[in-house]
Structures are given as C-alpha cells and as structure tokens.
Amino acid sequence: MATRTAAQRREEARSAYDAFLRECPTNQLLGRLSDKWVSLIVSALREGPMRYSDLGRRIAGVSQKMLTQSLRSLERDGLVTRTVTPSVPVRVDYELTELGHSLSGLLAAVKTWAETNFDRVHEARERYDEEEAAA
C-alpha cells in the first residue's frame, strides 16, 4: 500500500464530507450558518466594519449574550475579525474576513429572498392553516 502525504489525506477527507451525516463537520457548520443571528450579523457586516454597539442597534432583538456568542463563533470560524483599539472607552470593531465576504453574498441573498417573499409565504401559511382547521 502506498504511503499518502498529509495533504493527500486531507483532500481525501474533504472529498468525503457529507453534510447529510450528523457527525460530519460540514453538518455542524451548516447548523451554525443557518442561525438567524449569524445570518444577520454577516449581512450587516457586509456593509463594512462595525462596532459592537452599532451591531446591537442594527440587529433588532438580539440580546448582548447572543450577539457576543455569535460574534465569537464567527471569529473562531475565521469569518469575522475583532479589532480592539485602546481608548477610553475601549473601541471594538468587527469586520468580515475574506472567507466571511465569500459567504456574505449568499446570506444576504437569503435575507433579501425572505424580505421579498414573506407575503407569499404568509399567504401560504394562512391557506394551510385554514385547510387544516377545515379538515
């Protein structure tokens, strides 16, 4: 049996990713990316770097805890960078990385789709609920 290099083993593992399998790391990544706060944060940062407080104001309904957790997970995944500027008070800015920018278009498109098609979805829900109630 031929010996494989580490790069070859990584490539083989990458080609074996299957997000339909719960234990696959891509499944876990999809779970993180499908979180509504993550989607809204990435979409907001698409406009450019933002301070923590600006993000909190921009994203209605997000708690400090969820904003902090989401930003930390995005930073850990390499999608967001955090820059601390020593001042009084300390200034903290968040910005999308190159990897984050590559994702932002997709998430912004989903956000736009939701905004554009919500009325149709709402009508479908009402029809469904009426049919279920009649049955």
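See the structure shown above.
Residues numbered from 1 in each chain as written. Predicted model: local features only at pLDDT ≥ 70, side-chain atom pairs only at ≥ 80, totals over all residues. Heavy atoms only, no water.

1. Considering the overall build of the chain
Per the secondary structure count, the chain includes six helices and three strands. Along the chain direction, N to C, the helices and strands of the chain fall in the order α-α-α-β-α-α-β-β-α. Over its C-alpha atoms the chain spans a radius of gyration of 20 Å, topping by over 25% the 14 Å that the globule rule assigns to 135 residues. Expressed along its principal axes, the backbone C-alpha trace of the chain runs to roughly 65 × 60 × 25 Å. Relative to all contacts within the chain whose residues are 6 or more apart in sequence, the contacts with residues 24 or more apart total 42%. For the chain, the distance from the average position of its 20 positive side-chain charges to the average position of its 20 negative side-chain charges is 9 Å. (Helix = DSSP H or I, 4+ residues; strand = E, 2+ residues; numbered from the N terminus. Rg over C-alpha atoms; globule rule 2.2 N^0.38 Å. Contact = heavy atoms within 4.5 Å. Lys, Arg positive; Asp, Glu negative; His and termini not counted. Charge placed at Lys NZ, Arg CZ, Asp CG, Glu CD.)

2. Overview of the sheet that holds strand E1 (residues 50-51)
Strand order in the open sheet made by the three strands is E1-E3-E2, with antiparallel pairing throughout. Two strands lie at the open edges of the sheet, namely E1 and strand E2 (80-85), each paired on one side alone. Two elements, E2 and strand E3 (residues 91-96), share six bridges in a ladder whose sense is antiparallel. The partner of Thr85 across the bridge, within E3, is Arg91. Contacts from helix H3 (residues 36-45) reach E1, E2 and E3, with the element oriented near 95 degrees to E3. (Pairing = 2+ DSSP bridges. Axes fitted to C-alpha atoms, helices over the stretch in contact; angles between N-to-C directions.)

3. Notes on unusual backbone geometry
Each neighbour pair has its own omega, and for Val88 with Pro89 the value is -10 degrees, a cis peptide bond. Considering the arrangement of structural elements, one finds Pro89 in the loop between E2 and E3.

4. Considerations on helix H6 (residues 98-134)
For H6, spanning 37 residues, the distance from its first C-alpha to its last is 52 Å, which sits close to the expected 54 Å at 1.5 Å a residue. Roughly 60 degrees is the biggest bend found in H6, and it falls at Asn117. Three or more residues of H6 are buried, namely Gly100, Leu103, Ser104, Leu107, Ala108 and Asn117. For H6, the elements touching its buried residues are helix H2 (25-33), H3 and E3. (Expected span 1.5 Å × (residues − 1). Bend = angle between axes of the 7 residues up to and from the residue. Buried < 20%, exposed > 50% of the residue type's maximum accessible area, 1.4 Å probe, protein only.)

5. A few points about the nonpolar core
Counting 21 residues, the largest nonpolar core has Ile41, Leu45, Leu55, Leu74, Val80 and Tyr94 as the members making the most contacts within it. Elements with a contribution of two residues or more to this core: H3, helix H5 (64-76), E3 and H6. In terms of residues, this core owes the most to one element, H3, which gives six residues. If we ignore the near neighbours within four places in the chain, the residues touching Leu45 are Met50, Leu55, Val80, Tyr94 and Leu96. (Core = buried A, V, L, I, M, F, W, Y, C linked by side-chain atoms within 4.5 Å.)

6. Looking at the packing of H3 against H6
Orientation of H3 relative to H6, taken along the N-to-C sense of each, is 110 degrees, at an axis distance of 8 Å. Taken together, the axes of H3 and H6 lie roughly perpendicular to each other. Regarding H3 and H6, the two cross each other, and that crossing is left-handed. Contacts from Ser39, Leu40, Val42 and Ser43 of H3 reach H6 at Gly100, Ser104, Leu107, Ala108 and Lys111. (Parallel < 35°, antiparallel > 145°, perpendicular 65-115°, else oblique. Left-handed = near helix turned anticlockwise from the far one by under 90°.)

7. Some points on the environment of Trp113
With respect to the element layout, Trp113 can be found in helix H6. You can call Trp113 exposed: its relative accessible area is 52%. Separated by 25 residues in sequence, Trp113 and Val88 have C-alpha atoms that sit 41 Å apart.

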